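# Fold and geometry: a report
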Amino acid sequence: SADMHAVRVVSLCRGHASSLGVTCGEWRTVAADLWGLKLPGIVTAGVPPNLGWRLARESYRFTTTDSSQATFSVVPVFAVMKFDQEGKISCFERKKTELYQELGLQARDLRFQHLMSICSRNDRIIMRMEVLKAVITPEYLLILDYRHANLKQWLFNELAPQLAGGGQLATYSLPFEFRAIEAILQFRISCLQERLQVLQPHIVETLESLVDPKLLSVDRSKLHVLLQNGKSLSELETDIKVFKEAILKILDEQELIEELCLTKWTNPQVFEKSTSGIDHAEEMELLLESYYQQAEDLANAARELRELIDDSESVIFINLDRIPEHFGWSLELCCWEVDLSGDVFFHSSDDTWNLQFLPLCSAY
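Conventions we followed
- Residues numbered from 1 in each chain as written.
- Predicted model: local features only at pLDDT ≥ 70, side-chain atom pairs only at ≥ 80, totals over all residues.
- Heavy atoms only, no water.
- Helix = DSSP H or I, 4+ residues; strand = E, 2+ residues; numbered from the N terminus.
- Buried < 20%, exposed > 50% of the residue type's maximum accessible area, 1.4 Å probe, protein only.
- Contact = heavy atoms within 4.5 Å.
- Areas by Shrake-Rupley, 256 points an atom, 1.4 Å probe, with all protein chains shown as cover.
- 1 Å grid on protein atoms, 1.4 Å probe; cavity = no way out; pocket = protein on both sides within 12 Å on 5 of 7 lines; lining within 4 Å.
- Points joined across faces, edges and corners; volume = space filled by probe spheres on them.
- Nonpolar A, V, L, I, M, F, W, Y, C, P; charged D, E, K, R; others polar.
- Pairing = 2+ DSSP bridges.
- Polar contact = N/O pair within 3.5 Å; in protein donor to acceptor, adjacent residues only side chain to side chain.
- pLDDT = per-residue confidence, 0-100.
- Axes fitted to C-alpha atoms, helices over the stretch in contact; angles between N-to-C directions.
- Phe/Tyr/Trp six-rings, centres within 6.5 Å; stacked < 30°, edge-to-face > 60°.
- Lys NZ or Arg CZ within 6 Å of the ring centre and 35° of its normal.
- Salt bridge = Lys/Arg side-chain N within 4 Å of Asp/Glu carboxyl O.
- Left-handed = near helix turned anticlockwise from the far one by under 90°.

The secondary structure content of the protein amounts to 13 helices and eight strands. Looking at the protein residue by residue over its 364 residues, the buried ones come to 39%. Sequence separation of at least 24 residues holds for 58% of the intrachain contacts in the protein that already meet a minimum separation of 6. When the accessible surface of the protein is split by element, carbon and sulfur atoms take 51% of a total near 20,400 Å².

Structure below.
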């Protein structure tokens, strides 16, 4: 940091002060003045002119030499889990530069800049599904940065049998890259489904308690839970949309679909034996369409849940009418509006706020 560098230069100034004929008090003054340091007990009177520049020049000569020797670039290291066609697993670490050279890729191919992507580079399929980063070849699958907690169960208990072609995937009879792609897409859609399955009962239960006409007052904690769940639902809807867009980008280009059929281009003999009248590009398109449709079904379910929240707003606001009597302020002067996606808006006819209500407002 700048402060640490300043302290280092001050030390160097002190080290060279004697060679420049500078007293201890003088070098402290100049160093403090040069770097904007507030050092106690410093007197600036009697300091030789241009001393600061002389010290700075000497210090620069030494610090630039030292820093040039100490500076080095840190090469990222991937923790890699490798699955072969039989589902055998091996784990190792590899520098990014070494890995992309081994794979015949370029450095930019392993940057994983987008949270959701499917692309083909030099007969390699590079996929990212949020925390999951993968490189697929016709012979093996690499999972990069595999130590993420959300991947543990899937990697160690489910993925290997799927890749071994045990009949758990619809593409088990097709070349290896089909099974790898399907396993990753299945994992991602399962994560999205689990999030919806967790949110749905919580939202329905909370809504039922908030729209109950027998309520004498609204439970603030339940309203807060609903607002938080509404925010989580919005995030889920966004993630589903991004997943759909990543698949649709491939489906819109026949050439991109063809590029995902690696065996067709890398090993024609294996391709000819495995076809048996099967069009691999068509199979790949059917695979992607299947998961696009599953994502669309999820989006529809999330949309229905959102509509349920929206339809309940009017009833919730009616029940909220009981709150002013509890807090001693009039709805004629001030009303509040809740956007159940997570925002709260306040309106006042006379720009007057009831301070007793503000702590409740701030909770949301």
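In this section: the layout of surface pockets. In this structure, the largest pocket spans a volume of roughly 510 Å³. His114, Ser117, Cys119, Arg121 and Lys249 are the residues nearest the centre of the largest pocket, which is lined by 20 residues in total. Residue assignment for the lining of the largest pocket shows that the elements contributing at least two residues are strand S3 (116-121), helix H7 (220-251) and helix H8 (254-260). When residues of the lining of the largest pocket are assigned to their parent elements, the largest contribution, six residues, is made by S3. Partitioned by chemical class, the residues of the lining of the largest pocket number nine nonpolar, four polar and seven charged.

Before going further, it helps to spend a moment on the pairing of S3. In terms of strand pairing, S3 meets strand S4 (residues 124-129) through six bridges, oriented antiparallel. Considered in S4, the bridge of Ile118 is made with Met127. Where S3 hands over to S4, the hairpin turn is made up of two residues, of which Asn122 adopts a positive phi near 50°.

Moving on, we get to the side chain of Ser209. With respect to the helices, strands and loops of the structure, Ser209 is situated in helix H6 (residues 176-210). Of note is the side chain of Ser209, whose polar atom sits 2.7 Å from the backbone oxygen of Thr206.

In this sheet, strand S2 (residues 89-95) lies alongside strand S1 (residues 77-84) in antiparallel orientation, the contact comprising seven bridges. Residue pairing in the sheet places Ala79 in a bridge with Glu93 of S2. Linking S1 back to S2 in an antiparallel pair, the connection comprises four residues, with Gly87 at a positive phi of about 85°. The pairing of S1 with strand S6 (residues 140-144) spans five bridges and is antiparallel. Bridging from a neighbouring strand, Met81 pairs with Ile143 of S6.

Glancing now at the confidence of the model for the protein. Per-residue pLDDT for the protein averages 75, and the proportion of residues at 70 or more is 62%. Across the protein, S6 holds the top mean pLDDT of 97, while helix H13 (residues 358-362) sits lowest at 37. Within the model, pLDDT remains below 50 along residues 15-20, and this stretch shows six contacts once partners closer than five positions in the same chain are excluded. Here residues 24-45 scores under 50 on pLDDT; set against residues more than four positions off or in separate chains, the count is 32 contacts.

Here we take up unusual backbone geometry. In this model, Asp123 sits at a positive phi of 60°, which is unusual for a non-glycine residue. In this structure, Asp123 sits in the loop between S3 and S4. Positive phi, normally seen in glycine, also occurs at Asp145, with a value near 55°. Relative to the elements of secondary structure, Asp145 occurs in the loop between S6 and helix H5 (152-163).

So, on to the sheet that holds S1. Strand order in the open sheet formed by six strands is S2-S1-S6-S5-S4-S3, with antiparallel pairing between adjacent strands. Both edges of this open sheet fall to S2 and S3, since each of them pairs with a single strand only. Ignoring strand direction, the axes of neighbouring strands in this sheet form an average angle of 20°. The sheet strands contacting H5 are S1, S2, strand S5 (132-136) and S6, and the helix crosses S1 at an angle near 40°. Running over the sheet, H7 touches S3 and S4 and is turned about 25° from S3.

Looking now at the packing of aromatic side chains. The tally for this structure, following the rule as stated, stands at one aromatic pair. Here Trp154 and Phe187 contribute two aromatic rings whose centre-to-centre distance is 4.3 Å and whose plane-to-plane angle is 25°, an arrangement assigned as stacked. Separated by 33 residues along the polypeptide, Trp154 in helix H5 and Phe187 in helix H6 bring together distant segments of the chain. Under the relative-accessibility criterion, Trp154 is labelled buried at 4%. Over the face of the ring belonging to Tyr140 we find Lys82, whose NZ or CZ atom lies 4.5 Å from the ring centre.

What follows is about the pattern of salt bridges. A complete count under the given rule lists nine salt bridges for this structure. Here Glu130 and Arg188 are joined by a salt bridge, their closest N and O atoms 3.5 Å apart. Residue Glu130 is located in the loop between S4 and S5, and its partner Arg188 is located in helix H6; the two are separated by 58 residues in the primary sequence.

This paragraph deals with the packing of H5 against H6. At a minimum axis distance of 9 Å, the contact between H5 and H6 shows a crossing angle of 145°. The two elements H5 and H6 meet at a crossing, and its hand is right-handed. Contacts between H5 and H6 involve Trp154, Leu159, Gln162 and Leu163 from the first element and Phe176, Arg179, Ala180, Ala183, Ile184, Gln186 and Phe187 from the second.

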